[in-house]
Amino acid sequence: MTPVLEAYDGSFGCDFVVSKVLQGPSDGLNRVSTITFPDRATRVRFFADAHYREVRAAHFDGAVAKAVVLAEFVEDPSRTCGRV
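Residues numbered from 1 in each chain as written. Predicted model: local features only at pLDDT ≥ 70, side-chain atom pairs only at ≥ 80, totals over all residues. Heavy atoms only, no water.

**Observations concerning the overall build of the protein**
Point 1. Secondary structure summary: the protein contains 3 helices and 2 strands in total.
Point 2. When the helices and strands of the protein are listed from N to C terminus, the series reads α-β-β-α-α.
Point 3. Within the protein, the fraction of its 84 residues that count as buried is 13%.
Point 4. Across the protein, every contact between residues at least 6 apart in sequence was considered, and the portion connecting residues at least 24 apart equals 48%.
Point 5. Here the protein displays about 7,100 Å² of accessible surface, and carbon together with sulfur accounts for 54% of that area. (Helix = DSSP H or I, 4+ residues; strand = E, 2+ residues; numbered from the N terminus. Buried < 20%, exposed > 50% of the residue type's maximum accessible area, 1.4 Å probe, protein only. Contact = heavy atoms within 4.5 Å. Areas by Shrake-Rupley, 256 points an atom, 1.4 Å probe, with all protein chains shown as cover.)

What follows is the structure, given as structure tokens:
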């Protein structure tokens, strides 16, 4: 997955194993990961990519019962102070 992600200037951010969900869309949630892209259009192209879909089918689909998008954040460059 990482080589395909990097081809779209994307990266994995955080990856958490969840032991207990206190509130949310799924009580079966046990893992949370973040993926970052430079913009929404790039994200859309990545998830439509044939190679990504191949890798996902081989390694993700059989191992994951359900995937939930918790949120999408689009940074407004005019409102940032820079990166730390």
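**Describing the confidence of the model for the protein**
Point 1. When pLDDT is averaged across the protein, the result is 84; 88% of the residues are at 70 or more.
Point 2. Model confidence for the protein, summarised as mean pLDDT per element, is weakest for strand 2 (residues 31–36) at 89 and strongest for helix 2 (residues 40–48) at 93. (pLDDT = per-residue confidence, 0-100.)

**Overview of the environment of glutamate 6**
Point 1. The residue glutamate 6 is located in helix 1 (residues 2–7) in this model.
Point 2. Overall, glutamate 6 belongs to the exposed group, its relative accessible area being 53%.
Point 3. Expressed as a C-alpha distance, the spacing of glutamate 6 and phenylalanine 37, which sit 31 residues apart in the sequence, is 9.4 Å.

**Some points on a nonpolar patch on the surface**
Point 1. A cluster of nonpolar residues, Met1, Phe12 and Ile35, forms a patch on the protein surface that exposes about 250 Å² of accessible area.
Point 2. Note that methionine 1 resides in the segment before helix 1.
Point 3. What makes methionine 1 partly exposed here is its relative accessible area of 32%. (Patch = residues over 30% accessible without salt bridge, like charges linked within 9 Å, V, L, I, M, F, W, Y side chains within 5 Å. Salt bridge = Lys/Arg side-chain N within 4 Å of Asp/Glu carboxyl O.)

**Some remarks on the environment of isoleucine 35**
Point 1. Locating isoleucine 35 in the fold gives a position in strand 2.
Point 2. The partly exposed category is assigned to isoleucine 35, whose relative accessible area is 37%.
Point 3. Separated by 30 residues in sequence, isoleucine 35 and leucine 5 place their C-alpha atoms 8.8 Å apart.
Point 4. In this view, isoleucine 35 contacts Leu5, Ser11 and Phe12; residues no more than four positions away in its chain are not counted.

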